[in-house]
Amino acid sequence: MAQLGGGPVVGGAETRLVRIEREMNDHGAMTVRVVQTGELRTVVEYESPRLRDRLEDARRGTEMPLRIAPAPGRGNSWVVLRN
């Protein structure tokens, strides 16, 4: 589990190989596809500004492993955590 920005504890984290489907928008959200399952996930939060900056430069089609967890209280939204 990880503490996210002084907010609720994030649990259920998993590392998955994902492909960027929609690059990060002006609000910091991006869409990734889990390569193994084809499942789409909307990323809305990042554990650190440095991690967010790194992903802001990621382009559509880029594949990378990400440690992600469901965002607390945000429906089908996800948080990217440091590995």
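Residues numbered from 1 in each chain as written. Predicted model: local features only at pLDDT ≥ 70, side-chain atom pairs only at ≥ 80, totals over all residues. Heavy atoms only, no water.

Looking at an unreviewed UniProt entry, the protein carries the name DUF7999 domain-containing protein, with the source organism given as Haloferax litoreum.

Further remarks concern the sheet that holds strand β4 (residues 30-34). Consider a sheet: its strands pair through backbone hydrogen bonds, and that pairing is either parallel or antiparallel. Taking strand neighbours around the barrel as the criterion, the five strands line up as β3-β4-β5-β7-β6 in a closed arrangement whose pairing is mixed. With direction set aside, neighbouring strand axes in the sheet form an average angle of 60°. Sheet strands touched by helix α1 (residues 49-56): β4, β5 (40-46), β6 (63-70) and β7 (77-81). Its angle to β6, the strand with the most contacts, is close to 135°. (Pairing = 2+ DSSP bridges. Helix = DSSP H or I, 4+ residues; strand = E, 2+ residues; numbered from the N terminus. Axes fitted to C-alpha atoms, helices over the stretch in contact; angles between N-to-C directions. Contact = heavy atoms within 4.5 Å.)

This part covers the pairing of β6. Regular strands place their side chains on alternate faces of the sheet. Here strand β3 (residues 14-22) runs beside β6; their pairing, made up of six bridges, is antiparallel. For Leu17, the partnering residue across the bridge sits in β6 and is Pro65. Across four bridges, the pairing between β6 and β7 is antiparallel. Paired with Ala69 across the bridge in β7 is Val79. Here β6 folds back onto β7 in antiparallel fashion, the turn holding six residues, of which Gly73 has a positive phi close to 70°.

Here the focus is the pattern of salt bridges. For the structure on display, the rule yields nine salt bridges. We note a salt bridge from Glu21 to Arg33, for which the minimum N-O separation is 3.3 Å. Placement of Glu21 in strand β3 and of Arg33 in strand β4 is noted, with a sequence separation of twelve residues between them. Salt bridges sharing common partners tie together Glu14, Arg16, Glu39 and Arg41. (Salt bridge = Lys/Arg side-chain N within 4 Å of Asp/Glu carboxyl O.)

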